[in-house]
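Read off the chains here:
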Amino acid sequence: MKAIVVTSHEGPAGLELRDVPVPTPTAHEVLVQVEAVGVNFADVLGALGRYPAGPNPPYVMGREFAGITEEGQRVMGYAQQAACAEYVAVAEGYYWPQPEGWSSSQCAAFPVNYLTAWLLYWKAGLLAESIEPAAARQKTRPRVLIHAAAGGVGTAAVQLGHILGFEIFGTASSPEKLDKLTPLGLDHGIDYKLDDYEERIAKLTDGEGVDAAFDCLAGEHTAKSIGCLAEFGRVILFGNATGERPRFNTSAMYARSLSAHGLWLTKLSANHALIRQALDSMSPYIRGGQLHPVIGAKFPISATADALRLLLERKNFGKVVLTL
Ligand SMILES: NC(=O)c1ccc[n+]([C@@H]2O[C@H](COP(=O)([O-])OP(=O)(O)OC[C@H]3O[C@@H](n4cnc5c(N)ncnc54)[C@H](OP(=O)(O)O)[C@@H]3O)[C@@H](O)[C@H]2O)c1
């Protein structure tokens, strides 16, 4: 079968469309004929050798997919690896029926972005299902800051947060990206190239701040995100797009009883009960048509390198999907 193989850690230049053996599923796996694959920032990091504990080349890339099982069931799933191929073997608990009416491209754009987005709100303590409820859950409209709001996870978090009734603040690098976020439910768009988001949020909230900040950037942005938090607020650390370690504003943390939490779908995906809860919680919004993945670009798998370049150059809006 054809597959996209990461042959070296040279980024997009190290990807090759190669013939590899069709995987043999174990007793607890199904074989899925792949129709579409979601592209993630993690794929870019993996191709550059920067993903934590990522595999060494050569390996088949692809974290999430949609397709059809040998029994004819239309499914979408999270494989972490090897999904960018004509067939993928996937274990029970890591694949789910496709929502009715959704295309395979929409389904491939769902798992990583929406599970991560739901888990961010869950970890922020803002959901009924949260096991560490936050004080802000009592507020009529908790405020949330989403960085990289125009990216894959960002667009999902804006959409979900709006559906859940939160007041959403989002940062992005251009007015064009921010304009496209308004219809998804972004209340306050901040072009961080023009405006200091810490100052802007202080102004927009009369100095009160936001109840949660989702930080996928790290470096100075962790300290600045903490600076945006209201009393008892939480920063959720879930990535380091800047390539730097997070810096902390401990004086603000002491002064306003703030806390920092971590989140990694790679690990939490093994908690099938939690993932089931996330899917059950989002399914009424999927059925109601409010929640639908935002696909910014589609490429055939032969152009996977171009798809990764789009992410590297930060030109994507929403999700990038590969089709087979
Ligand atoms: N912990 C988890 O479980 C988990 C799961 C999924 C994703 N993540 C993390 O979440 C982040 C977003 O992932 P995604 O797949 O949604 O990515 P994406 O669609 O490619 O979005 C990334 C966006 O981040 C912004 N950005 C800001 N500073 C950046 C920098 N120094 N380098 C690159 N991008 C920068 C860019 O938007 P602007 O141009 O608008 O700034 C870029 O388009 C990544 O850090 C990823 O590792 C974590």
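The structure we're discussing is the one just above.
Scoring rules and cut-offs
- Residues numbered from 1 in each chain as written.
- Predicted model: local features only at pLDDT ≥ 70, side-chain atom pairs only at ≥ 80, totals over all residues.
- Heavy atoms only, no water.
- Salt bridge = Lys/Arg side-chain N within 4 Å of Asp/Glu carboxyl O.
- Buried < 20%, exposed > 50% of the residue type's maximum accessible area, 1.4 Å probe, protein only.
- Near = heavy atom within 4 Å.
- Polar contact = N/O pair within 3.5 Å; in protein donor to acceptor, adjacent residues only side chain to side chain.
- Areas by Shrake-Rupley, 256 points an atom, 1.4 Å probe, with all protein chains shown as cover.
- Helix = DSSP H or I, 4+ residues; strand = E, 2+ residues; numbered from the N terminus.
- Nonpolar A, V, L, I, M, F, W, Y, C, P; charged D, E, K, R; others polar.
- Axes fitted to C-alpha atoms, helices over the stretch in contact; angles between N-to-C directions.
- Parallel < 35°, antiparallel > 145°, perpendicular 65-115°, else oblique.
- Left-handed = near helix turned anticlockwise from the far one by under 90°.
- Contact = heavy atoms within 4.5 Å.

Caption draft 1: Representation of the pattern of salt bridges in the model. Applying the stated criterion to the full structure yields 16 salt bridges. Between Glu-313 and Lys-315 there is a salt bridge; the shortest N-O distance is 3.1 Å. On the basis of relative accessible area, Glu-313 is assigned to the partly exposed category, the value being 44%. Relative accessible area serves as the criterion here: at 58%, Lys-315 is assigned to the exposed category. What you see here is one network of salt bridges that share partners, running through Arg-143, Glu-167 and Glu-208.

Caption draft 2: Main features of the site of the ligand. As a matter of local geometry, the ligand sits amid 23 residues, with Gly-152, Val-153, Ser-173, Tyr-192 and Leu-265 nearest to it. Here an oxygen atom of the ligand and a side-chain polar atom of Asn-316 are 3.0 Å apart. Burial of the ligand by the protein amounts to 89% of the accessible area it has alone, namely 910 Å². Elements that contribute at least two residues to the shell around the ligand include exactly helix H3 (111-123) and helix H4 (152-163). Here the shell around the ligand is built from residues that sort into 14 nonpolar, seven polar and two charged.

Caption draft 3: Geometry of the packing of H3 against H4. At their nearest, the axes of H3 and H4 sit 8 Å apart, and the two run at 55° to each other. The orientation of H3 with respect to H4, classified from their angle, is oblique. Crossing geometry of H3 relative to H4 is assigned as right-handed. Residues Asn-113, Tyr-114, Thr-116, Ala-117, Trp-118, Leu-120 and Tyr-121 of H3 touch H4, and the partners they reach there are Gly-152, Val-153, Ala-156, Ala-157, Gln-159, Leu-160 and Gly-161. A breakdown of the residues in the contact of H3 with H4 according to their chemical character gives nine nonpolar, five polar and no charged.

Nothing here speaks to function; it is geometry throughout.
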